[in-house]
Amino acid sequence: RSTGEPMAYILGSWGFMDMELEITRSVLIPRPETELLVELLLDLPLPEHTTLLDLGTGSGAIALSVARNRPNWQIVATDISHSALRIAAQNARRLRLDNVHFVCADWFDGLACLFDLIVSNPPYLAASDPHLADLGFEPVQALVAGSNGMACIEQIVRRSGSRLKPEGWLLIEHGYDQKTRVGRAFRDSGFEKVASHRDLNGHSRVMLGRRPL
């Protein structure tokens, strides 16, 4: 701990929602801001047998917390990191959740079906972000994106319209100073009912929108 290593990595586990997740340095440490995203999606008006896609699942925090609360839903969780997917799959087995299917993919690549709901906590920090100095133990590929932190968000928003069913929803966690740019990306891609939600610190943190009918 004296070297600055986070407790989650030292302990090998960390709490998220009502779960205890295995955590290694292959995945980000789950944070309360991401719990907001889960709470918001669980409140959406969705079918009983919703299909959900979690992009960049990491430890599986989002996908598994939804799976626990919505056992009738079918969930696909992707990540480009084999190491991250191993951790997520181990968490699913330990929690005895069998309605999550893990896929190694670069965002949507290789997925052919449409979903009722797409969620993501993608990389959204700029390479020059001063907060990176305090995140040296976490995987940089899960933190940093090009175009001043917007590259992954813009790609996900742009491609989600063709991967959602009519009136399907997209929810994305973003940086505290990205509300305007993320909202513009949603609207430029044709999403309706676009709305921003604040985290416990009062920062705009999650953007959601619905694909038109």
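Fair warning: this is a prediction, and the values are worked out from it, not measured in the lab.

Rules and cut-offs
- Residues numbered from 1 in each chain as written.
- Predicted model: local features only at pLDDT ≥ 70, side-chain atom pairs only at ≥ 80, totals over all residues.
- Heavy atoms only, no water.
- Pairing = 2+ DSSP bridges.
- Helix = DSSP H or I, 4+ residues; strand = E, 2+ residues; numbered from the N terminus.
- Axes fitted to C-alpha atoms, helices over the stretch in contact; angles between N-to-C directions.
- Contact = heavy atoms within 4.5 Å.
- Phe/Tyr/Trp six-rings, centres within 6.5 Å; stacked < 30°, edge-to-face > 60°.
- Buried < 20%, exposed > 50% of the residue type's maximum accessible area, 1.4 Å probe, protein only.
- Patch = residues over 30% accessible without salt bridge, like charges linked within 9 Å, V, L, I, M, F, W, Y side chains within 5 Å.
- Areas by Shrake-Rupley, 256 points an atom, 1.4 Å probe, with all protein chains shown as cover.
- Salt bridge = Lys/Arg side-chain N within 4 Å of Asp/Glu carboxyl O.
- Polar contact = N/O pair within 3.5 Å; in protein donor to acceptor, adjacent residues only side chain to side chain.

A.B. asks: What is the right way to look at the sheet that holds strand β3 (residues 51-55) in this model?
C.D. replies: Backbone hydrogen bonds hold the strands of a sheet together, and the pairing may be parallel or antiparallel. Strand order in the open sheet made by the seven strands is β5-β4-β3-β6-β7-β9-β8, with mixed pairing throughout. Each edge of the open sheet carries a strand with a single partner, namely β5 (100-104) and β8 (192-198). Recorded for the sheet is a direction-independent mean angle of 15 degrees between the axes of neighbouring strands. Pairing between strand β6 (residues 115-120) and strand β7 (residues 164-173): five bridges, direction parallel. By the bridge assignment, S120 is partnered in β7 with I172. Contacts from helix α4 (residues 82-94) reach β4 (74-79) and β5 within the one sheet, and its direction differs from that of β5 by about 170 degrees.

A.B. asks: Sorry, what's going on with the packing of aromatic side chains here?
C.D. replies: Where two aromatic rings form a pair, the distance of their centres and the angle of their planes describe that pair. The full count for this structure, using the stated rule, is one aromatic pair. Arranged with centres 5.3 Å apart and planes meeting at 50 degrees, the rings of F186 and F191 form a pair that is tilted. Residue F186 is classed as buried on the basis of its relative accessible area, which comes to 0%.

A.B. asks: Just checking my understanding: could you explain a nonpolar patch on the surface for this structure?
C.D. replies: A cluster of nonpolar side chains, namely M7, I10, L11 and W14, defines an oily patch on the protein surface of about 350 Å² accessible area. At three residues, helix α1 (residues 7-11) tops the list of elements feeding residues into the nonpolar patch. Using a relative accessible area of 54% as the deciding quantity, one classes L11 as exposed.

A.B. asks: I keep staring at the side chain of D116 and nothing clicks. Help me out?
C.D. replies: Considering the arrangement of structural elements, one finds D116 in strand β6. Only 2.9 Å separates the side chain of D116 from the backbone nitrogen of T51, close enough to count as a polar contact.

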